[in-house]
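What follows is each chain in one-letter form.
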Amino acid sequence: MQSIKAPASMEVDTCEHKSQVALPAKPNFEPLKAHEMSDGRVQFRKVSVPPHRYSPLKKAWMEIYTPIYEQMKIDVRMNLKARKVELKTRSDTPDISNLQKCADFVHAFMLGFDVIDAIALLRLDELYVESFEIKDVKTLRGEHLSRAIGRLSGKGGKTKFAIENATKTRIVIADTKIHILGSFQNIKVARDSLCSLILGSPAGKVYSKLRQVTARLAERF
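Just so you know, these numbers come straight off a predicted model, no measurement behind them.

> In this structure, what is going on with the nonpolar core? I would like to understand it.
Taken as a class, soluble globular proteins show a tendency for nonpolar side chains to be buried jointly. With 31 residues, the main nonpolar core has I68 and F105 as its most contacted residues. The leading source of residues in this core is helix α4 (residues 97-111), at nine residues. Excluding anything up to four places from it in sequence, I68 contacts K73, I74, V76, L87, C102, F105 and V106. Within the second largest apolar cluster, 19 residues are counted, among which are I134, A148, L194 and I198.

> Please clarify how the packing of aromatic side chains should be interpreted in this entry.
Each aromatic ring pair is characterised by the separation of its centres together with the angle its planes make. Throughout the structure, instances matching the rule amount to two aromatic pairs. Between the aromatic rings of W61 and Y65, the centroid separation amounts to 6.3 Å while the plane-to-plane angle is 35°, which identifies the pairing as tilted. Remark: Y65 and W61 occur in helix α3 (residues 61-71); sequence separation between them is four residues, near one turn of the helix. Across from the ring centre of F109, 4.5 Å away, lies the NZ or CZ of R53, which sits over that ring. The ring of Y69 is capped by R90, whose NZ or CZ atom sits 4.4 Å from the centre of that ring.

> What's the story with the packing of α3 against α4 in this structure? I'm lost.
What describes two packed helices is the angle between their axes and the distance between those same axes. Direction vectors running N to C along α3 and α4 enclose 170°, while the axes themselves pass 11 Å from each other. By the angle class used here, α3 and α4 are roughly antiparallel. Two secondary-structure elements touch here, α3 through I64, P67 and I68 and α4 through C102, F105, V106 and F109. Counted by class, the contact of α3 with α4 contains seven nonpolar, no polar and no charged residues.

> What's the story with the environment of L210 in this structure? I'm lost.
Looking at where L210 falls in the secondary structure, it is placed in helix α11 (residues 203-220). Measuring from C-alpha to C-alpha, the distance between L210 and S193 comes to 7.1 Å, with 17 residues separating the pair along the chain. Sequence-distant contacts of L210, that is, excluding residues within four places in its chain, are made with A162, I163, A166, T167, V189 and S193.

Conventions adopted
Residues numbered from 1 in each chain as written. Predicted model: local features only at pLDDT ≥ 70, side-chain atom pairs only at ≥ 80, totals over all residues. Heavy atoms only, no water. Core = buried A, V, L, I, M, F, W, Y, C linked by side-chain atoms within 4.5 Å. Buried < 20%, exposed > 50% of the residue type's maximum accessible area, 1.4 Å probe, protein only. Helix = DSSP H or I, 4+ residues; strand = E, 2+ residues; numbered from the N terminus. Contact = heavy atoms within 4.5 Å. Phe/Tyr/Trp six-rings, centres within 6.5 Å; stacked < 30°, edge-to-face > 60°. Lys NZ or Arg CZ within 6 Å of the ring centre and 35° of its normal. Axes fitted to C-alpha atoms, helices over the stretch in contact; angles between N-to-C directions. Parallel < 35°, antiparallel > 145°, perpendicular 65-115°, else oblique. Nonpolar A, V, L, I, M, F, W, Y, C, P; charged D, E, K, R; others polar.

Printed below as a string of structure tokens:
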């Protein structure tokens, strides 16, 4: 018997023609400006002015206006009818984050911080403002509340200044509300000291604990 052989598979020579096309040069775009990032839309921020900060704002207006307008390149005005400070970006604003920094700066002034202290929010990125109330720590009423506020301030503000200098923060005690301006770690140390005073710890005990904590922080850095 004759064996039937399978037909040999046809070998097809494929010629690959690699077309060497020169790629276009990479485009060189200029960095986007602040107003271009938001599709040319102007961004706004409004900060309310509480009644008791209206007079201080009038006195310190030029100290607030100058760094915002000249250095941060943000337009600012006082809306007398709505009693709000209005901020908006300009075409030459170098960074979009400047608007939020300026809003934080004005808000810190409204909380009661001095312009000299609040202006640090424009210069440094790692600064924050934290607020809490005495009742968040402990429910106090009447004379107990008054004594707690007295313990926080100390005689002539001595205790408050001691905590500020030890932790490199700034503290505002406005009735039952407490505002702390500083870096995250320093705010935590200052808050712990203030909470201890609210809970009834004597100032001497808080000072000694504060010395230990600040010494430990100094060693870390």
